[in-house]
Amino acid sequence: MSRWNEKYHDKFKRHSLSGQLMDVRYLDAAWRKVRANRGSGGIDGETIESFEAKKGTELAEIRIQLKERRYKPQPVRRVYIPKPDGRQRPLGIPTIRDRVVQQTLKDLLEPIFEEIFLEGSHGYRPGKDAHQAMRKVQGYINRGYCWIVDADIQGFFDHVNHRILMDLVREKVADGRVLDLLESFLKCGVMNEGEFESTAEGTPQGGVVSPLLANIYLNHFDRRMGEEEFLLLRYADDFLIFCKTEEDAQKARGMAEKILKEELKLNLNPGRHGY
């Protein structure tokens, strides 16, 4: 990339988000959302109720640590919830403090990336839901797109490549303090039955900012499939590709597999390959 192009793209990045990150009003707004969502506490035993009892002190301390670049996320607490097929889905539960900081990051980053997310992405986005997605499905079928690739990504949240994700975030964000903080959450590790596990890849399901990071990561997939002129509808790591012939559907699946594997280091779920 030429220096001119670097400057051209650089001017569209957000360079100064730290002031908002450390603004007590943003932290307080984030806390109110965390409180409304309830949920259990992380590895430190702090609960919503105990945090609220000393909210002023807690938020002030978070602000100081962020300002001095001393804030260190704690490992998430690993829990498992049953899936309909009998398997268990792992969740990572952050501490209340970490949830507040993650919510602040989400509130800062979400409007920035909503500007570049594509219309075919429906999961975890403001103003979009599964009902809208289903209406689009019916509309595409009515237009003759009767061959549909139905697929999902194998172990998506566990296999997000940190380097690729941070490069995608850097396409829109240049604030080093925010980038370092976000990366520290990716690498904070997991406590699983008292044993610490490092996190060299992945973004734990259960984290406040994880759904947004998932969409940032897979927006690259949305964009690339669009460049290849395929009609894609995605809800988190599940997606449909709409085609008019069986041959096009086979090509679409092959292209999706290629882009995911070569550009995002991900694999399709081999147990799901319907048309």
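Small disclaimer: the values here were computed from a predicted structure and weren't measured.

Quick look at the packing of aromatic side chains now. Considering all chains together, one arrives at seven aromatic pairs under this definition. Consider the rings of Y71 and F185, whose centres lie 6.5 Å apart with planes at 40°: the pair is tilted. Of this pair, Y71 sits in the loop between α5 (55-67) and β1 (76-82) while F185 is found in helix α9 (residues 176-186), placing the two residues 114 residues apart along the sequence. Taking relative accessible area as the criterion, Y71 reaches 6% and is therefore assigned buried. Residue classification places F185 among the buried positions, given a relative accessible area of 6%. Taken together, the ring pairs connect F156, F157 and Y217 into an aromatic cluster. Across the ring face of Y145, the terminal group of K244 is positioned such that the distance to the ring centre comes to 4.8 Å.

This brings us to empty space enclosed by the protein. Under the criterion given, the structure shown has two cavities of 30 Å³ or more. Looking at the largest cavity, its volume works out to about 100 Å³. Lining the largest cavity are V76, Q102, L182, F185, L186, C188, T203, P204, G207, V209, S210 and L213. Looking at the lining of the largest cavity, the elements with two or more residues in it are α9 and α10 (210-227). Broken down by element, the lining of the largest cavity gets its largest block of residues, three residues, from α9. The wall of the second largest cavity is formed by F113, I116, F117, L168, E171, I216, N219, H220 and R223. The greatest single-element share of the lining of the second largest cavity, amounting to four residues, is contributed by α10. Grouping the constituent residues of the lining of the second largest cavity by class yields five nonpolar, two polar and two charged.

This part is about the packing of helix α6 (residues 96-114) against α9. For the pair α6 and α9, the least separation of the axes is 11 Å and the interaxial angle reads 130°. One way to sum up the angle between α6 and α9 is to call them oblique. The way α6 lies across α9 gives a crossing that is left-handed. Residue-level inspection shows D98, V101, Q102, L105 and L109 of α6 in contact with α9, the latter providing V178, L181, L182 and F185.

With that settled, the discussion passes to the state of the cysteines. The full count for this structure, using the stated rule, is zero disulfides. Free cysteine C146: the closest other cysteine sulfur is in C243, separated by 11 Å. Overall, C146 belongs to the exposed group, its relative accessible area being 54%. When its relative accessible area of 3% is taken as the criterion, C243 is described as buried.

A word on the sheet that holds strand β3 (residues 147-152). Spatial strand order, β3-β7-β6: three strands in an open sheet with antiparallel pairing. Whereas interior strands pair on both sides, the edge strands pair on one side only; in this sheet they are β3 and β6 (231-235). Between one strand and the next, the sheet's axes are offset by a mean angle of 20°, whatever the strand orientation. Where β3 lies against strand β7 (residues 238-243), six bridges are found, and the strand directions are antiparallel. The residue of β7 that forms the bridge with W147 is C243. Against the sheet, helix α7 (residues 130-142) makes contact with β3, β6 and β7, and its axis sits at roughly 160° relative to β6, the strand it touches most.

Per-residue confidence for the chain gives a mean pLDDT of 91; residues scoring 70 or more make up 93%. Within the model, the stretch residues 1-9 combines pLDDT values under 50 with two contacts to residues more than four positions away or in other chains.

Looking only at helix α8 (residues 162-170), the buried set comprises H162, I164, L165, M166, L168 and V169. Where α8 is buried, its residues touch α6, α9, α10 and α11 (246-264). The residue sitting at the N-terminus of α8 and contributing the capping side-chain oxygen is N161; that oxygen lies 3.0 Å from the backbone nitrogen of R163.

The final tally for this structure, using the stated rule, is 25 salt bridges. With a closest N to O distance of 2.7 Å, R25 and D23 form a salt bridge. A relative accessible area of 62% means that R25 is categorised as exposed. Judged by relative accessible area, D23 falls into the buried class, the value being 15%. A salt bridge links D28 to K55; the nearest nitrogen and oxygen atoms lie 3.1 Å apart. One end of the pair, D28, is in helix α3 (residues 24-37); the other, K55, is in helix α5, with 27 residues separating them in the sequence. Residue D28 is classed as buried on the basis of its relative accessible area of 18%. Given a relative accessible area of 28%, K55 falls into the partly exposed group. Several salt bridges converge on common partners, so that one network encompasses E46, K54, E58 and R97.

Here is what the cut-offs are and how they apply
- Residues numbered from 1 in each chain as written.
- Predicted model: local features only at pLDDT ≥ 70, side-chain atom pairs only at ≥ 80, totals over all residues.
- Heavy atoms only, no water.
- Phe/Tyr/Trp six-rings, centres within 6.5 Å; stacked < 30°, edge-to-face > 60°.
- Helix = DSSP H or I, 4+ residues; strand = E, 2+ residues; numbered from the N terminus.
- Buried < 20%, exposed > 50% of the residue type's maximum accessible area, 1.4 Å probe, protein only.
- Lys NZ or Arg CZ within 6 Å of the ring centre and 35° of its normal.
- 1 Å grid on protein atoms, 1.4 Å probe; cavity = no way out; pocket = protein on both sides within 12 Å on 5 of 7 lines; lining within 4 Å.
- Points joined across faces, edges and corners; volume = space filled by probe spheres on them.
- Nonpolar A, V, L, I, M, F, W, Y, C, P; charged D, E, K, R; others polar.
- Axes fitted to C-alpha atoms, helices over the stretch in contact; angles between N-to-C directions.
- Parallel < 35°, antiparallel > 145°, perpendicular 65-115°, else oblique.
- Left-handed = near helix turned anticlockwise from the far one by under 90°.
- Contact = heavy atoms within 4.5 Å.
- Disulfide = S-S within 2.5 Å.
- Pairing = 2+ DSSP bridges.
- pLDDT = per-residue confidence, 0-100.
- Polar contact = N/O pair within 3.5 Å; in protein donor to acceptor, adjacent residues only side chain to side chain.
- Salt bridge = Lys/Arg side-chain N within 4 Å of Asp/Glu carboxyl O.

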